[in-house]
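Per-entry structural report
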Amino acid sequence: MEILHNLILGFGVAVSPINLFYCLIGCLLGTLIGVLPGIGPVATIAMLLPITFNLNPTSALIMLSGIYYGAQYGGSTTAILVNIPGESSSVVTCLDGYQMARQGRAGPALAIAAIGSFFAGCAATLLIAFAAPPLAEVALKFGPAEYFSLMVLGLVAATVLAHGSLIKAIAMVILGLLLGIAGTDVNSGVLRFTFDIPELSDGIGFVVVAMGMFGTAEIIANLEMKEKREIFTATLKTLFPTKQDWKRSWQPILRGTALGSFLGILPGGGALLASFGAYTLEKKISKYSHEFGKGAIEGVAGPESANNAGAQTSFIPMLTLGIPGNAVMALMIGALMIQGIAPGPQVMNEKPELFWGLIASMWVGNLMLVVLNLPLIGMWIKLLSVPYRYLYPSILVFMAIGVYSLSNNAFDVLIMAVFGILGYLCVKLECEPAPMILGFILGPLMEENLRRAMLLSRGDPFVFVTKPISAGFIFASVILLIIVALPNIRKKRDEAFAAEET
Amino acid sequence: MKIKSPKDFWAGVMFIAFGGFAVAWSMTHYQMGTAVRMGPGYFPVMLGGLLVVLGLATLLAALAMDGPPVPQFHFRPLLLISLGCVAYGYLMKPLGLILATVALVFISAFGGHEFKWKEVLILSVILVLFSVLVFVKGLTLPFPICPQFIETCPIR
């Protein structure tokens, strides 16, 4: 009954007025940026990171995680009503959600998306509560070799997520690792790749890189396109799904939750992978598969449940191993470090109120989102009619403030601009920034663990395959690479991403 | 030799450039060490080498297989958005938050499709107010609000 005891502790923390307040702020902000295309949770959390310095660690994490799962709710609203993914993970919701809206069934689509997300959120919260403690226990036994191999697996998984060429995705990971190790080498004290610039001696800040690659680069790329948005609002007659809708949805919601939870735990996974996986699965096994793309409610219920489940279970590797599975989790680790908490399996024992409070707040936040979202849909839609030419200078101002306040230094803003240009180049050359960011975060950790492992094994590189746990991770990475490289699966993967582009 | 897939070709060139630089710079500046006791140069040389290999693979594949062209670059937003951010950073200390924000909003607005003086002016006023009230007053970020040369600033 330890879990029960822990959950009670967590809820005690989560429902304290101050934490409820920050949870609400996080959920509202998350929904807001989820609704708005062109700004995602990564940029938002990065912007708010310096501000969380003034909060206590629990409130800070509760607010930041609210942004991430809140964005999954908001993203579906835009996808269904406007046929634009407000969030990358709601790309597949556009396919059937928008068709439902055109048939005058926007209400049920929105309601099923919200209810599916809520169910998935509850299930994922429970899953974290049950799975995290034993995992953390295992993780405490990990040595440097195991950590290194686990990170290899995470990076390989990240390349699977990327579009297009596998080689380019792997190259981006390596580029990220290289950029990540710039700064003072912890072992020798040597300054690497700093070119006598004092500001670089602590390395390039992760927030700065993320804002450049995901923030400014995105804005520059968006400005190329002429503004064009039609909003489909005339049809919000009833919110309630019919009996038929329920009958067709409950299974996809269950399946989406299960699949999403699983894909979220994988390193490199998270909401995006989960929603794609769920859509493909539903299309395959539904008896209404001919209706997919023409407004099948399963195509909304499955992926929307999956992306919320995935968003939440991606906290598991972060909380138990201290390893970020995606860019958002990397920011969470950044938030912990700002507070002076070293992420890793020990957090659970040393800071139980933070750990369990965060988990309980996810459930509270999900409840808030369902209650808030459906009545507030009208307001979110109005926000969509704000033209981009007001939006992007505002986003830029917030990003610039966030980056400048990191160390009150203009140099950080300069670096952000440089990474914005690099990010734009990557967009043009079809090189995905997400794997690079993951490499960037893991760079120093990987080098450190590689060095330690090699020192312990006296320079024997086979240590990674002779230790059983480490060998398991390496084996899984190889299998994953082979699977993705196989022509048949490649085609499937390309199809999944092609669907995104249309 | 004909470049059949320009996108991949230039991506390959980019990877080779980054990787090659990392290898050359690390070899000449940092100690390699041995596998048991890795020096500061070991890991970067490994990564750089791997990046060059992957870049070469991308580049060679681009010569063999057809692929999409590189889409056109739009330099106006690229330059103006970047410039706006840099201006904000470097104007903050001498000119203060208000003028830096105005500069960022105006420069970046020039990068868009439409530029209407009145709209941009109103937008910058709103953003200045918001920044001052929320970030400086509310969250107590230590930003200078007014330019350095104005000694008696009405808002502190």
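Just so it is clear, the structure is predicted and the values come from calculations on it, not from any experiment.

A separate point is the overall build of chain B. Along the backbone of chain B there are four helices and zero strands. For a compact globule of 156 residues, the expected C-alpha radius of gyration is about 15 Å, and chain B comes in at 24 Å, more than 25% above that figure. The principal-axis extents of the C-alpha atoms in chain B amount to approximately 65 × 45 × 25 Å. When each of the 156 residues of chain B is scored for burial, the buried share is 41%.

Broken down by element type, chain A carries 22 helices and two strands. Its C-alpha atoms give chain A a radius of gyration of 22 Å, within 12% of the compact-globule value 23 Å for 502 residues. Its C-alpha atoms put chain A at 70 × 55 × 50 Å along the principal axes. Relative to its full complement of 502 residues, chain A shows a buried share of 60%. Taking the intrachain contacts of chain A between residues at least 6 apart in sequence as the baseline, contacts between residues at least 24 apart amount to 80%.

As a further point, take the packing of helix H3 (residues 75–110) of chain B against helix H4 (residues 117–138) of chain B. Residues and elements named next belong to chain B. The interhelical angle for the contact between H3 and H4, taken along N-to-C directions, is 140 degrees, at an axis separation of 9 Å. Taken together, H3 and H4 sit at an angle that is classed as oblique. In this structure, H3 crosses over H4, and the sense of that crossing is right-handed. The residues of H4 that touch H3, namely those facing Leu97, Ile98, Thr101, Val102, Val105, Phe106 and Ala109, are Val120, Leu123, Ser124, Leu127, Val128, Ser131, Val132 and Val136. Class assignment of the residues belonging to the contact of H3 with H4 gives a composition of 12 nonpolar, three polar and no charged.

The next point concerns the interface of chain B and chain A. The interface is formed by 57 residues belonging to chain B together with 54 residues belonging to chain A. Elements with a contribution of two residues or more to the side of chain B that touches chain A: helix H1 (6–29), helix H2 (42–64), H3 and H4 of chain B. The element contributing the most residues to the side of chain B that touches chain A is H3 of chain B, with 16 residues. Here the residues of the side of chain B that touches chain A are counted per class, giving 38 nonpolar, 15 polar and four charged.

Residue and element names in this part refer to chain A. In a regular helix each residue adds 1.5 Å, so 12 residues correspond to 16 Å; helix H14 (residues 327–338) covers 17 Å between its end C-alpha atoms and thus fits that length. Where burial is concerned, most of H14 is hidden: 10 out of the 12 residues are buried. In this fold, the buried residues of H14 make contact with helix H3 (41–48), helix H4 (57–82), helix H9 (206–224), helix H13 (315–321) and helix H19 (433–456). Note on H14: the residue one or two positions beyond its end, Gly340, has a positive phi of about 80 degrees.

The rules behind the values
- Residues numbered from 1 in each chain as written.
- Chains lettered and ligands numbered in written order.
- Predicted model: local features only at pLDDT ≥ 70, side-chain atom pairs only at ≥ 80, totals over all residues.
- Helix = DSSP H or I, 4+ residues; strand = E, 2+ residues; numbered from the N terminus.
- Rg over C-alpha atoms; globule rule 2.2 N^0.38 Å.
- Buried ≥ 20, exposed ≤ 12 C-beta atoms within 10 Å, placed from the backbone.
- Contact = placed C-beta atoms within 7 Å.
- Axes fitted to C-alpha atoms, helices over the stretch in contact; angles between N-to-C directions.
- Parallel < 35°, antiparallel > 145°, perpendicular 65-115°, else oblique.
- Left-handed = near helix turned anticlockwise from the far one by under 90°.
- Nonpolar A, V, L, I, M, F, W, Y, C, P; charged D, E, K, R; others polar.
- Expected span 1.5 Å × (residues − 1).

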